[in-house]
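Notes for the structure review
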Amino acid sequence: MRFLPSLFENNRRWAREQVARDPDFFSRLCAIQAPEHLWIGCADSRVPANEIVGLAPGELFVHRNIANLVLPEDPNCQAVIQFAVEELGVAHVVVTGHYGCGGVKAAFGPPAREPLEGWIRHLRDLRRAHGTELDALPDEAARVRRLCELNVAHQVATLRRLPVVRGAWERGHSLTLHGWIYDLGDGLIRDLQVSSDRPEA
Ligand code: CO
């Protein structure tokens, strides 16, 4: 193997281990994909979706981008949500942010180059919208931390208004939205208590 031979070696070992543990592992996955959860998380390499919630391949449908944004105008994210809800029929959509998020931190810094800045701009807008609360905090670390949480809550609120999500609820499909935050410091997830399983009253 000419490029990244160690990764191919890891992969062969991994595949061998799966079959040793469960001989039907791959044939079962080939036949059906029926995850119950859609994970919308940050692209950060320190937040590996399946690993931190102990779910095996086949159990978590995943979309990741910088700072776990759910933008109605982002066809990538929207297609994932549509497919997960309408085709896979997931029962849960979990937006998981994390403390120490570089994307959120960037909203407090100088402009980046495009196209990154166009993405960060959404976080700058959110920072501005919550300016009073954030400015009252003692330092920038606390402000970044709080914006990480506010960002998750904002994305869950966006999800709640999406036609795909509302449509599922109207059809009587059981679908719950969740907002979580992961702490890089101790590996633990905290529920931000912004869950929702019906449209706004
Ligand atoms: Co991040």
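Fair warning: this is a prediction, and the values are worked out from it, not measured in the lab.

In terms of regular secondary structure, the chain is built from nine helices and five strands. Along the chain, from the amino end to the carboxyl end, the secondary structure elements read α-α-β-α-β-α-β-α-α-α-α-α-β-β. Every one of the 201 residues in the chain was classed for burial, and the buried ones make up 38%. Counting contacts in the chain only where the partners sit at least 6 residues apart, residues at least 24 apart contribute 60% of the total. For the chain, the computed accessible surface area is about 11500 Å², with 54% contributed by carbon and sulfur atoms. In the chain, which carries 23 positive and 26 negative side-chain charges, the distance between the mean positions of the two groups comes to 4 Å.

Bound to the cobalt ion are the protein donor atoms Cys42 (SG), His98 (NE2) and Cys101 (SG), situated 2.0 to 2.3 Å from the metal. Here the donor residues of the cobalt ion are spaced in sequence according to C-x55-H-x2-C. Note that Cys42 is positioned in strand β1 (residues 37–42) and Cys101 in the loop between β3 (92–98) and α5 (102–106), a separation of 59 residues in sequence. For the residue pair Cys42 and Cys101, the accessibility class agrees, reading buried in each case.

Together, Phe3, Leu4, Leu7 and Phe8 make up an exposed nonpolar region whose accessible area comes to about 440 Å². For Phe3, a relative accessible area of 57% puts it in the exposed group.

Assigned domains of the chain: these are domain 1 (1–31) and domain 2 (35–191). Computed over C-alpha atoms, the centres of domain 1 and domain 2 are 30 Å apart.

Right, let's get into the environment of Gln82. Within the secondary structure layout, Gln82 lies in helix α4 (residues 75–87). Gln82 gets classed as partly exposed once you look at its relative accessible area, which sits at 39%. The spatial distance from the C-alpha of Gln82 to the C-alpha of Val164 is 6.1 Å, given a sequence separation of 82 residues.

Another aspect to go through is unusual backbone geometry. Cis geometry marks the peptide bond from Glu114 to Pro115, where omega comes out at 5 degrees. Considering the arrangement of structural elements, one finds Pro115 in the loop between α5 and α6 (116–129). With a phi close to 65 degrees, Ala67 is a non-glycine residue in the positive phi region. Judged by its relative accessible area of 0%, Ala67 falls in the buried class.

As enumerated under the stated definition, the model contains nine salt bridges in all. Notably, a salt bridge pairs Arg128 with Asp125, separated by 2.8 Å at the nearest N-O pair. Linking Arg128 with Asp125, this pair stays in helix α6, spanning three residues, or about one helical turn. Relative accessible area serves as the criterion here: at 60%, Arg128 is assigned to the exposed category. What you see here is one network of salt bridges that share partners, running through Glu133, Arg146, Glu149 and Arg190.

Thresholds, definitions, all that
Residues numbered from 1 in each chain as written. Predicted model: local features only at pLDDT ≥ 70, side-chain atom pairs only at ≥ 80, totals over all residues. Heavy atoms only, no water. Helix = DSSP H or I, 4+ residues; strand = E, 2+ residues; numbered from the N terminus. Buried < 20%, exposed > 50% of the residue type's maximum accessible area, 1.4 Å probe, protein only. Contact = heavy atoms within 4.5 Å. Areas by Shrake-Rupley, 256 points an atom, 1.4 Å probe, with all protein chains shown as cover. Lys, Arg positive; Asp, Glu negative; His and termini not counted. Charge placed at Lys NZ, Arg CZ, Asp CG, Glu CD. Donors = N, O, S within 2.8 Å, 3.2 Å for Na, K, Ca; no water. Patch = residues over 30% accessible without salt bridge, like charges linked within 9 Å, V, L, I, M, F, W, Y side chains within 5 Å. Salt bridge = Lys/Arg side-chain N within 4 Å of Asp/Glu carboxyl O. Domains from an automatic or database assignment.

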